[in-house]
Structure formats: C-alpha cells, structure tokens
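Tertiary structure, described
Spelled out, the chains give:
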Amino acid sequence: MADENAGIRETLRALIVKESFVDESKLVEDATLESLSIDSLDMSMIMMAIEEKFDIYLSVDTELDGIVTFGELVALLEKKVSQGIAEQPAK
Amino acid sequence: MAARVAITGMGAISAAGNGAQALWRAARDGSPCISQLDETRFPRARIKHAALIREDITQLLGDAATKLDRFAQLALLAAREAVEQADAEARLAGMKTAVIVGSGLGGAETINRLTDAHSAGEVRVDPLTVPKVMASAAASAIATRYGVHGPVFCISSACASGSQAVGIGMQMIRSGAVDRAIVGGSEALITPAVLRGWEVMRVLTPDRNRPFSADRNGMMLGEGAGIVVLESAAHAEAQGKRPIAWLSGYGTACDAGDLLKPDAQWAAEAMKRALSDAALKPADVGYVNAHGTGTVLNDVAEAAALGDTFGDHLDGLPVSSTKPVHGHTIAAAGAIELIITVNALREQFVPPTINWTAEDPRCRMDVVANTGRPHGFSAAMSNSFAFGGINTSLLVEMAAE
C-alpha cells in the first residue's frame, strides 16, 4: 500500500512540475504555493492532468481551498487519487 | 424628478417548467428541478446532472420557434408571458419601448451542431447558423414579435447579464429615453462541449448544490429565461395597470482584479449603490436573494460583502440562494432570481436555501436553511456576480394593493 502511494506521489510531483512550470529544485514540502507562483489556473491544469493520467475527476472543495504549501497539496491530491482509484468501477 | 419604474409583467421558463408561477412554487417549496444528463448525448460527462427544461419548447412556441436557437426561443416564451401579464401588447410597438436581453454564450446549441457537422466533414450546415448564434438574437426576436423600434440590444456580462439588462432598462425609463422596456436574460448552454468547459474550471458539484453550507463543493448549471416588463409609473397608471412591484434600485461595480476570484469589496459596493439608488437604508431591506452559487469562493466573498453592506442588520436578515432548485442559469440568473424575489415580496414568504447541512463560519447568517417561512418585509435585494468581476444588485419594493 505504502509503495503504491509512493508511486502516486512521484507521479503527482512530476505532473505538478510539468503543468505549473515550477523549478523542481524549489519544490520543498513547506514552500507555499504562492511562493511557487502556482495560481488557480495552474491548479486547473494540474487537475486536468490528474484526470488524463488517473481518469479521476476532482472538483473544487473546501479542502483544496485551504491548501497553503506544496507538501499539503501533494498529500491531499495523493489522498484523493488513491481514494479515486479504490472507488473506480472495474472496467 | 426621475420616473418611478414599475414591474407590470413577469415571465419565466426554467427547469421548474413553463411560467413564472411554476418557478416561484418550486423556489418557495424548495423542490429541486434536476435532471440526469442523457448518457447518449453526454457520454464523456464527469458531471451527470443539471437543471434542464423538460418541456418541448418548439411545441410551446409553434411557428415562432423556427429560425431561433434554443436560448432565443426561451426568451421569446418568457417575453410572451410577461407581456400577457402586463397586458402591454397594444402599447409596445414604436420607438418608446426598449428590449434588452442578457445572454452569455448566445446560440450554444447551434454552434455545437455547426462544429459537429464541420468536424464530420459535412458540406450542408444550418444556413441560419450566424443569425441564430448571435447573442442579440433573443432581443431581436422579441422586438420583431412586438414591433419594437426603440433601443434593442443584448447585454453580455456573463452571470450579471440579466441583472444588468434589468438595471439599464430601469435607467432608460428614468431618463425618459423610453416609456417601457422588456428586459431580462436567457441562457441555454448545456451542450457536451460547453459542459466540458465548465468541468475543467472545477466549479461544478459532482453531487448536490448546497450554497453557504460548510461542505459545499460547487454549483449546478441550469437553463432558462426570465423576462420582465418595466414601465414608468405614469404610463402604467395611464393604462390602469397596478405595479406588481416597484423596481427601485440598481447598483453595479467591477472588481477590476482577478478574472475568476471574487472581491468582496466591490460586491459590497454594488449593493451599497443599489441602496443609495433606491434611497433605502440597509435596515429597510427585509430579504436578500443571494447570488449564492455554492462554490467555496463565491459564497465566502458574498457573505463578507453582505456583512460589509448590512452590518448588524445582517443578524436578522434572511438571505437565501434558490440556485439548488433552478440551477445557475448564467445570463438568465439575474432575471429569474428577480422574479423569485418579487414573488417572495408579494407573498411575504422567504424561499429556502435547500441542501444545507452545516454552517460555514465564513458564511454566518440566516440562510433560511432548508425550509422557507412567512416573513414581513417591504423591500428586497437580488444579487448577481459574474466572472470578470462584474457585480450587480437590484432592489424591489412593495407596491400598494
């Protein structure tokens, strides 16, 4: 289970770098999204990439609204994606 | 002195059905009008529901429906009801009437059909595509139907369109430019491609629209049209028409900031300007029909703006969003919700905010949670806020019986 989430975490990290054009060296856990210049449009792109990659649709919600740091963002997305994968109907 | 402006007719078509009364009953009773999207037409939709009109519009309109996109058909139907109620048909023709109808995306259905046909390589497409798609088509259709030669135009300011159309119509009557105006908004944009555009903004709820509720997670799209007939008090009186209500205040202010993220300061400014326009004090207002989309950002900003505008008076002021019932009808929202607000005033009953589960400390006010109730008041406000930072407020007041 832990290994599976590590994979998701790595994918999410790569996807955030690609979609929001941030400098990977600045992606430390407590860097704020504001300091990384990740704005609402970047978040939309990140969620679109998650949809492409994992076939999971995430809407805005209060949890995402309260996110301040990069670490919090990855942790929340990781939770949502792993939940989403678990809830996906068998194809 | 500027002319006092009366509302003498109201018409609506919405997910609640054909007619302003069907809309009011659904809002008053808190009966949501939600449809599942057709899997065949929306096979890739992530969001599976919307507030769709189930009536057959072409059947309701008859021959008048031809040559019009759905959004213009809806506007014409709503106009027909409003004009009938105002008994105004005989006095609309000529230069002293305006028609101002808000539209966000114009003929979305027609554009959808055009791009599908074009992508499929078809030579034969609808030859009326352009006149059906143009955002002013609804205003033109109404003007043509009633022989209106005065100012006829569309206001396109996204979710504020309908509200601004009403406000500008009122100003034109006050200025003496026209004696009466057919105003409102119309929107029919729920097509597979447009829905996808909304999905990627992440502002649509995948489950239930619940404005101001702590666990809210987005808005629900709707379609519809709301049209009202406005007349100067003198002209209404000359016709022996008693106003349904007075339209007494209009305020608008732009954030001039973020394209999408609302700024409470300028929403409050719109409300304050509407109050000052109507020469009312905050304490005179007894009900607010909120924009209340159910997105995290809108509801927090609107609650802050209401606090700024009404101060301590907000403690006893019912504020409800009826969008979970009829959906967010975008350019029609301002007019549809004005019609609900007028009915609330006339029946002295505040409609509920349904689906509400728990208080968000950032939206602490009387949201008339889940059940409407009788309430005595003589003035009410209706708010509309749009992407692009455009904020509008309208105020209506009770007309003596």
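Each residue is numbered by its place in its chain's sequence as written, counting from 1. The lettering of chains begins at A and the numbering of ligands begins at 1, in the order of writing. In keeping with the predicted nature of the model, local features appear solely for residues at pLDDT of at least 70, side-chain atom pairs appear and are counted solely at 80 or more, and the whole-chain, interface and lining totals rest on all residues. Excluded from the side-chain calculations are hydrogens and water; all other atoms, namely the structure's heavy atoms, are used.

**Here's the deal with the pattern of salt bridges**
Our working rule: Only one rule defines a salt bridge in this text: a Lys or Arg side-chain nitrogen within 4 Å of an Asp or Glu carboxyl oxygen. Helix and strand definitions follow DSSP, with helices as H or I runs of at least four residues and strands as E runs of at least two, each counted in order from the N terminus. Whether a residue is buried, partly exposed or exposed follows from its accessible area with a 1.4 Å probe, protein chains only, as a fraction of its type maximum: under 20%, in between, or over 50%, in that order.
In total, this model carries 25 salt bridges over all chains according to the counting rule given. Among the ionic pairs, R174 of chain B bridges to D277 of chain B, the shortest N-O distance being 2.8 Å. Linking R174 of chain B in helix α8 (residues 161–175) with D277 of chain B in helix α11 (residues 264–277), this pair joins segments that are 103 residues apart in sequence. Looking at R174 of chain B, the relative accessible area reads 22%, which means it is partly exposed. Residue classification places D277 of chain B among the partly exposed positions, given a relative accessible area of 29%. Taking the shortest distance from any N to any O, the salt bridge between R196 of chain B and E199 of chain B comes out at 3.0 Å. Of this pair, R196 of chain B and E199 of chain B both sit in helix α9 (residues 192–201), three residues apart, which is roughly one turn of the helix. Given the relative accessible area of 1%, E199 of chain B is considered buried. Ionic contacts of the salt-bridge type, sharing partners, join the residues E51 and D55 of chain A together with R46, R196, E199 and R202 of chain B into one network.

**Focus on the nonpolar core**
Residue and element names in this part refer to chain B. Applicable threshold: Here, nonpolar core means buried Ala, Val, Leu, Ile, Met, Phe, Trp, Tyr and Cys residues that are tied together by side-chain atoms lying within 4.5 Å of each other. Here a residue-residue contact requires only that any non-hydrogen atoms of the pair lie within 4.5 Å.
Counting 41 residues, the largest nonpolar core has I7, V228, L230, L247, V342 and V396 as its most contacted members. Ignoring anything within four residues of it in the chain, the contact list for I7 reads V228, V229, L230, P243, I244, A245, L247, L338, V342 and V396. Among the nonpolar cores identified, the runner-up in size contains 34 residues, and I57, L61, A65 and L76 belong to it.

**A closer look at the packing of aromatic side chains**
To describe a pair of aromatic rings, you give the distance between the ring centres and the angle between the ring planes. Inclusion rule: Any pair of Phe, Tyr and Trp rings, taking the six-membered ring for Trp, is counted once the centres come within 6.5 Å. Such a pair is stacked with planes under 30 degrees apart, edge-to-face with planes over 60 apart, and tilted for the rest. Geometrically, a lysine NZ or arginine CZ counts as sitting over a ring once it is within 6 Å of the ring centre and also within 35 degrees of the ring normal.
If you walk through the whole model with that rule in mind, you get two aromatic pairs over all chains. The aromatic ring of W246 of chain B is capped on one face by R4 of chain B, whose charged end is 4.2 Å from the ring centroid.

**Topic: the confidence of the model for chain A**
Heads up, the condition is: For every residue, the predictor reports its confidence as pLDDT, a number between 0 and 100.
Per-residue confidence for chain A averages 85 on the pLDDT scale, and 88% of its residues sit at or above 70. When pLDDT is averaged over each element of chain A, helix α2 (residues 40–54) of chain A comes out on top at 89 and helix α3 (residues 62–65) of chain A at the bottom at 73.

**Notes on the side chain of T191 of chain B**
All names here are of chain B. Defined as follows: Here a polar contact means two N or O atoms within 3.5 Å. Within protein one must be a hydrogen donor candidate and the other an acceptor candidate, and residues neighboring in sequence count only if both atoms are side-chain atoms.
Tracing the backbone shows T191 in the loop between β7 (180–187) and α9. For T191, a relative accessible area of 0% translates into the label buried. For T191, the side chain forms a polar contact with the side chain of N112, separated by 3.5 Å.

**Topic: the interface of chain B and chain A**
Stated formally: Here's the idea: put two parts together, see how much 1.4 Å probe accessible area each one loses, and the total over both is what we call buried area. Polarity classes work like this: nonpolar for Ala, Val, Leu, Ile, Met, Phe, Trp, Tyr, Cys and Pro, charged for Asp, Glu, Lys and Arg, and polar for all others, with Gly in that last group.
Counting residues at the interface gives 16 residues for chain B, matched by 13 residues for chain A. Between chain B and chain A lies a buried interface of about 1300 Å² when both sides are counted; carbon and sulfur atoms form 50% of it. Counting across the interface, chain B meets chain A through four salt bridges. Notably, a salt bridge pairs E51 of chain A with R46 of chain B, separated by 2.7 Å at the nearest N-O pair. The tally of links from chain B across to chain A stands at six residue pairs in polar contact (both at pLDDT 80 or more). The element contributing the most residues to the side of chain B that touches chain A is α9 of chain B, with four residues. Within the side of chain B that touches chain A, the residues separate by chemical class into nine nonpolar, one polar and six charged.

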